[in-house]
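What follows is the residue order along each chain.
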Amino acid sequence: MPRYFFNVNDGSTADEEGVELESIAVAKCEAVRTAAALICESSKTFWDTKDFGMTVSNASGLTLFSLMFIGVEAAAIGGAHAGR
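Rules used throughout
Residues numbered from 1 in each chain as written. Predicted model: local features only at pLDDT ≥ 70, side-chain atom pairs only at ≥ 80, totals over all residues. Heavy atoms only, no water. Helix = DSSP H or I, 4+ residues; strand = E, 2+ residues; numbered from the N terminus. Buried < 20%, exposed > 50% of the residue type's maximum accessible area, 1.4 Å probe, protein only. Contact = heavy atoms within 4.5 Å. Polar contact = N/O pair within 3.5 Å; in protein donor to acceptor, adjacent residues only side chain to side chain. Pairing = 2+ DSSP bridges. Axes fitted to C-alpha atoms, helices over the stretch in contact; angles between N-to-C directions.

Asker: Would you mind going over the environment of Asn 9 with me for this structure?
Answerer: Its location among the elements puts Asn 9 in the loop between strand E1 (3-8) and strand E2 (19-20). For Asn 9, a relative accessible area of 44% translates into the label partly exposed. In the structure, Asn 9 is positioned 43 residues away from Phe 52 in sequence and 6.8 Å away in space, judged by C-alpha atoms. Residues in contact with Asn 9, not counting those within four places in the same chain, are Gly 53, Met 54, Thr 55 and Met 68. Side chain to side chain, Asn 9 and Thr 55 meet in a polar contact 3.3 Å long.

This is the structure in structure tokens:
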């Protein structure tokens, strides 16, 4: 079974262990679930950063796909430009 590595593009520790999954389709679902959990865990800082990204690679280090998330608060709820 192929091994996939999920690396967050925030300078944190690289995924050196990876996880074995059936296919790239399963890896894509796992990436979305993992990213959602990480965003929820850091929901306060997520809204203060410009973006959140995750790169998924195989055991050879080849990038297979990436996820990019950008959170933008509306001024009506206290976003960066509230009060202007």
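What follows picks up the thread again.
Asker: How do you make sense of the pairing of strand E3 (residues 52-58) when you look at a structure like this?
Answerer: Moving residue by residue along a regular strand, the side chains alternate between the two faces of the sheet. Counted residue by residue, E3 has six buried out of seven residues, so it is predominantly covered. Two elements, E1 and E3, share five bridges in a ladder whose sense is antiparallel. The residue of E3 that forms the bridge with Phe 6 is Val 56. Pairing between E3 and strand E4 (residues 63-69): six bridges, direction antiparallel. Looking across to E4, one finds that Phe 52 is bridged to Phe 69. In this antiparallel pair of consecutive strands, E3 and E4, the connection spans four residues, and Gly 61 shows a positive phi of 90°.

Asker: How should the sheet that holds E3 be read in this particular structure?
Answerer: Hydrogen bonds between backbone groups are what pair the strands of a sheet, and the pairing can be parallel or antiparallel. Here four strands make up an open sheet; going across it, the order is E2-E1-E3-E4 and the pairing antiparallel. With partners counted over all chains shown, the strands left at the sheet margins are E2 and E4, one partner each. Sitting on the sheet, helix H1 (residues 24-41) touches E1, E3 and E4, and the angle it makes with E4 is about 30°.

Asker: Could you clarify how one ought to interpret the side chain of Ser 57 in this entry?
Answerer: Residue placement: Ser 57 occurs in strand E3. A residue is classified by how much of its surface remains accessible, and Ser 57, at 9% relative accessible area, is buried. For Ser 57, the contacting residues outside a window of four places in its chain are Arg 3, Tyr 4, Phe 5, Asn 7, Leu 62, Thr 63 and Leu 64.

Asker: Explain the environment of Asp 10 to me, please; I cannot follow it from the model alone.
Answerer: Considering the arrangement of structural elements, one finds Asp 10 in the loop between E1 and E2. Placed 41 residues apart in sequence, Asp 10 and Asp 51 show a C-alpha to C-alpha distance of 9.1 Å.

Asker: Would you mind going over the side chain of Thr 55 with me for this structure?
Answerer: Mapped onto the fold, Thr 55 is located in strand E3. Taking relative accessible area as the criterion, Thr 55 reaches 19% and is therefore assigned buried.

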